[in-house]
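Structural characterization, general
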Amino acid sequence: MAPVLEYRPLASPENALGFRIAKNKVGWHNPSLELGSFLVLQYAHGLHETVDLPAQSLRESWKANDTYFRSEGALAQPPLACLPIYLITVGTGLDERLVYVGQTSSKSSRFIAGHKAITLLHAPDYEGQRKRLYRCCVVLLSDRKKEIPIEWVTPYEDGVAFLSAVEGMLIHWFQPELNVRLKKKPPSIKIGSVHIQNITGDGSFLHDTFVWP
């Protein structure tokens, strides 16, 4: 069974205060691309579990955070963390390798990893290998060195651009064999680095790895 989502960034009083100030004071909490970003592997799943995972999208998470702010405490609890990047791997232990990087979507009531990459994993080359999917948070840093989850970035269009830049950096750096787009050319938006952290509690795949532009 996939674990229940529990991480809610705005549940932290410090985060909630910073988010509120940023909403009321334009420019106070802008991302600093020079300081880089974090990719946090939050949850690990067997690939067969993905059919039961809830839909995700940056747009819906951005709206949920904005709605929570405007409710002024009327809502029971803050939104769950957005998990807009996923990684697909094959193998175990030191032989585990990244084969696909993608962005999630809410166009389906289920996690829509069921695309060409999933189909290709049925090829004989992958037979008998463990296949996993990691769902990941993306966190930027402000010039005040405060953490900014990607779903807090305002305007929304900037968040989309930064998310695509992180995805592009990962694909360009790792060259996953099942990705086709973004492998040859680095993203036009330059982010200082992506520091990968694995907090799944289930192995240490890519933990403390740095990706550079």
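Structure first, text after, so check above.
Here goes a summary of the coordinates provided. (Residues numbered from 1 in each chain as written. Predicted model: local features only at pLDDT ≥ 70, side-chain atom pairs only at ≥ 80, totals over all residues. Heavy atoms only, no water.)

Mapping Ser 61 onto the fold places it in helix α2 (residues 58-71). Not counting chain neighbours up to four residues away, the residues in contact with Ser 61 comprise Cys 82 and Glu 151. (Helix = DSSP H or I, 4+ residues; strand = E, 2+ residues; numbered from the N terminus. Contact = heavy atoms within 4.5 Å.)

This part is about the state of the cysteines. The tally for this structure, following the rule as stated, stands at zero disulfides. With no disulfide partner, Cys 82 has as its closest neighbouring cysteine sulfur the one in Cys 137, 7.7 Å distant. Exposure remark for Cys 82: the relative accessible area of 1% places this residue in the buried category. (Disulfide = S-S within 2.5 Å. Buried < 20%, exposed > 50% of the residue type's maximum accessible area, 1.4 Å probe, protein only.)

With 19 residues, helix α4 (residues 156-174) extends 27 Å between its outermost C-alpha atoms, agreeing within 8% with the 27 Å of an ideal straight helix rising 1.5 Å per residue. Among the residues of α4, Tyr 156, Gly 159, Phe 162, Leu 163, Ala 165, Val 166, Glu 167, Gly 168, Met 169, Leu 170 and Ile 171 are the ones counted as buried. Positioned one or two residues after α4, Gln 175 has a phi angle of 50 degrees, which is positive. (Expected span 1.5 Å × (residues − 1).)

Here we come to the pairing of strand β1 (residues 37-46). Extensive coverage of β1 is indicated by the burial of 10 of its 10 residues. With nine bridges connecting them, β1 and strand β4 (residues 131-141) associate as antiparallel partners. Counted as the bridge partner of His 45 is Leu 133 from β4. (Pairing = 2+ DSSP bridges.)

Another aspect to go through is the nonpolar core. Ranked by size, the top nonpolar core spans 37 residues in total, and within it Leu 39, Ile 85, Leu 87 and Leu 170 carry the most contacts. For this core, the secondary structure elements donating two or more residues are β1, α2, β2 (85-90), β3 (97-103), β4, α4 and β6 (194-198). Ranked by the residues each element gives to this core, the list is headed by α4, at eight residues. Ignoring anything within four residues of it in the chain, the contact list for Leu 170 reads Leu 39, Ile 85, Val 101, Gln 175, Val 194, Ile 196 and Val 211. Leu 47, Leu 53, Leu 133 and Leu 178 belong to the second-largest nonpolar core, a separate cluster that totals 13 residues. (Core = buried A, V, L, I, M, F, W, Y, C linked by side-chain atoms within 4.5 Å.)

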